[in-house]
Amino acid sequence: MTKRAIRVARMFDGERLVDGGVLVLLDGGRIVDVQRGRAEAPEGWPVREEPNGTVLPGLVDAHVHLCADAGPDALGRLAERPETDLDAVVEASLRAHLAAGVTTVRDLGDRRGAVLRWRAREVRDDLPTVVASGAPVTTVGGHCWSMGGEVSGVDGIREAVRLKAAAGADLVKVMASGGVFTPGTDTTRPQFTDQELTAALTQAHDLDLPVTVHAHALNAVEQALRVGVDGIEHCTCVTAAGAHVPDEVADRLAASGVAVCATLGTDPTVVTPPEVVAMAARAGLSAATLRDGAATLHRAGVRLVAGSDAGLGPAKPHGILPETLVEYVACGIPATAALTAATSVGAEVCGLGRRKGRVRPGFEADLLVVDGDPTSDISALRRPLAVYRAGNPVR
């Protein structure tokens, strides 16, 4: 059966709420019609009724690590795992995302192209769509070096980008600063020169690939703005004095149109181990500073997307994106803006804006139905009633 209908109380279409009853018709993996009010489904179309439900586009988590199993030191243990084991981790990770209503993920760091190879083996309509970068480009001994993306110099970075394109990467991820989970790296300084980062960007754009950069350091964020990258991950603006997003930098980010993924969202039931808290504190990072930074970015009008950094550890399990959006709203970001970041804007940033991220005829039937109205109570995302992937119910 490919023909299905969903009748709900309301719809978030990827930009705004539509109230007063909605009927969505699905056929052949696509949305074929969206009707308001008490429209009747065509004869022979089974209808799912959710009288207090809201239908949304399937969510987009724009920053995940599918190879990481969300256990302690998940990234550090990747170097020792066989690829056959990684395949199982990737599929389990994707099933967890799907159960939470996430139908598209952007993987921003696998081990030596493992996610790219997994994706190339078969098309899976029963799991979320995967947009992937392969191993992140980093300096020798730099942040996440064990994933296999170490490079040196302008020629090395150009060659790395060419190899990623040849392997089927959808974008290039560059570690523009050090990171919390790689001992010996510096979260307050850039890892690459302007010339090297420009070489990565030019080579990637020549191959029609966007570039997003991991940037904790304030001067790495400023470097990314100078060079003109397409996206910035984290954007915490760390200096020796701590993490703080200056208003002037937020204004420049907004004017540039760069997509920023603040990577909030943790499992509120998980107690973060003291050693992880200490590592974050040494980098000047805390839950309060992360939220303050996201609030500053929103107030300035920065183009925000939603990404959870899922897989990093027990507090960041796969499928945690609803908590990312709950935290966005806790920062003072309106629920409609948070939902847009995880639907239409997320799809656009992933290069899928013409077919995903909206409830609209002709778009793919990746849908989430939740109990209640998430535009007035974002915690409704914690109560999924149904998830559809390519028109098929998977929950």
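Above this note sits the structure.
If you're wondering where the values come from, they're calculated on a predicted model, not measured in any experiment. Each chain carries its own residue numbering, running from 1 in the direction its sequence is written. Given that the model is predicted, a residue must reach a pLDDT of at least 70 before its local features are reported, and side-chain atom pairs must reach 80 or more before they are shown or counted; all residues, however, enter totals for whole chains, interfaces and linings. Side-chain calculation: all heavy atoms of the structure are included, whereas hydrogens and water are not.

Caption draft 1: Structural context of empty space enclosed by the protein. Lining residues are defined by having an atom within 4 Å of a point belonging to a cavity or pocket. Those points lie on a 1 Å grid over the protein atoms alone, cavities being sets where a 1.4 Å probe fits but cannot get out and pockets being open sets with protein on both sides within 12 Å along at least five of seven lines. Grid points are joined across faces, edges and corners, and a volume is the space filled by probe spheres set on the points. If you walk through the whole model with that rule in mind, you get 2 cavities of 30 Å³ or more. Looking at the largest cavity, its volume works out to about 80 Å³. Taken together, His234, Cys235, Thr236, Ala243, His244, Val245, Ala262, Thr289, Leu290, Gly293, Ala294 and Leu297 make up the full set of residues lining the largest cavity. Numbering goes from the N terminus for both helices and strands, where a helix is a DSSP run of H or I of at least four residues and a strand is a run of E of at least two. Within the residue set of the lining of the largest cavity, elements represented by two or more residues are β12 (231-239) and α8 (287-300). With 5 residues, the single largest contributor to the lining of the largest cavity is α8. Gly counts as polar in this scheme, as do all residues outside two lists: the nonpolar Ala, Val, Leu, Ile, Met, Phe, Trp, Tyr, Cys and Pro, and the charged Asp, Glu, Lys and Arg. When grouped by side-chain class, the residues that make up the lining of the largest cavity number 7 nonpolar, 5 polar and no charged.

Caption draft 2: Inspection of the sheet that holds strand β3 (residues 30-36) at higher detail. At least two bridges found by DSSP between two strands is the condition for calling them paired. Taken together, 7 strands build an open sheet; the order of strands is β3-β2-β1-β4-β16-β17-β18 and the sheet is mixed. Only two strands of the sheet have a single neighbouring strand rather than two, namely β3 and β18 (392-393). Direction of pairing for strand β4 (residues 47-57) relative to strand β16 (residues 367-371): antiparallel, over a ladder of 5 bridges. Opposite Leu56, over in β16, you have Leu368 as the bridge partner.

Caption draft 3: Region of interest: the pairing of β3. Two elements, strand β2 (residues 17-27) and β3, share 6 bridges in a ladder whose sense is antiparallel. Bridging from a neighbouring strand, Asp27 pairs with Arg30 of β3. Counted along the chain from β2 to the antiparallel partner β3, the turn is 2 residues long, and its residue Gly28 has a positive phi close to 60°.

Caption draft 4: Representation of the packing of helix α6 (residues 247-256) against α8. Every axis corresponds to a line fitted to the C-alpha atoms, with the helix fit spanning only the stretch in contact, and the corresponding angles, defined between N-to-C directions, vary from 0 to 180 degrees. The contact between α6 and α8 brings their axes to 8 Å, and the two run at 50°. When the axis of α6 is compared with that of α8, the two are oblique. In the crossing of α6 with α8, the sense of the turn from one axis to the other is right-handed. Across from Asp247, Ala250, Asp251, Leu253 and Ala254 in α6, the residues of α8 making contact are Thr296, Leu297 and Ala300. The residue inventory of the contact of α6 with α8, partitioned by class, reads 5 nonpolar, 1 polar and 2 charged. Under this scheme an angle from 65 to 115 degrees is roughly perpendicular, one under 35 degrees roughly parallel, and one over 145 degrees roughly antiparallel; angles in between are oblique. Take the far helix as your reference; a near helix turned counterclockwise from it by less than a right angle gives a left-handed crossing, and one turned clockwise gives a right-handed crossing. By definition in these notes, contact holds between two residues if any of their heavy atoms fall within 4.5 Å.

Caption draft 5: Seen up close, unusual backbone geometry. Non-glycine residue Cys237 carries a positive phi angle of around 60°. You can see Cys237 is positioned in strand β12. Remark: exposure states derive from per-residue accessible area (1.4 Å probe, protein chains only) relative to the maximum for the residue type, with buried under 20%, exposed over 50%, and partly exposed in between. Since its relative accessible area comes to 1%, Cys237 is described here as buried. Phi at Asp309 is positive, roughly 65°, even though this residue is not glycine. Inspection of the secondary structure assignment puts Asp309 in the loop between β15 (303-305) and α9 (321-330).

Caption draft 6: Region of the structure containing the side chain of Glu364. Topologically, Glu364 is positioned in the loop between α11 (344-349) and β16. Here a polar contact means two N or O atoms within 3.5 Å. Within protein one must be a hydrogen donor candidate and the other an acceptor candidate, and residues neighboring in sequence count only if both atoms are side-chain atoms. In terms of polar contacts, Glu364 uses its side chain to reach the side chain of Arg355, at 2.3 Å. For Glu364, the residues in contact, after removing those within four places along its chain, are Gly29, Arg30, Ile31, Arg355, Lys356 and Arg389.

Caption draft 7: A look at the sheet that holds strand β6 (residues 102-107). Reading across the sheet, the 3 strands line up as β5-β6-β7 and stay open at both edges, with parallel pairing between neighbours. Here the strands that pair on one side only, and so sit at the sheet edges, are β5 (59-64) and β7 (129-132). Neighbour to neighbour, the strand axes of the sheet diverge by 20° on average, direction disregarded. Sheet topology note: the β6/β7 ladder contains 4 bridges and is parallel. Opposite Val105, over in β7, you have Val130 as the bridge partner.

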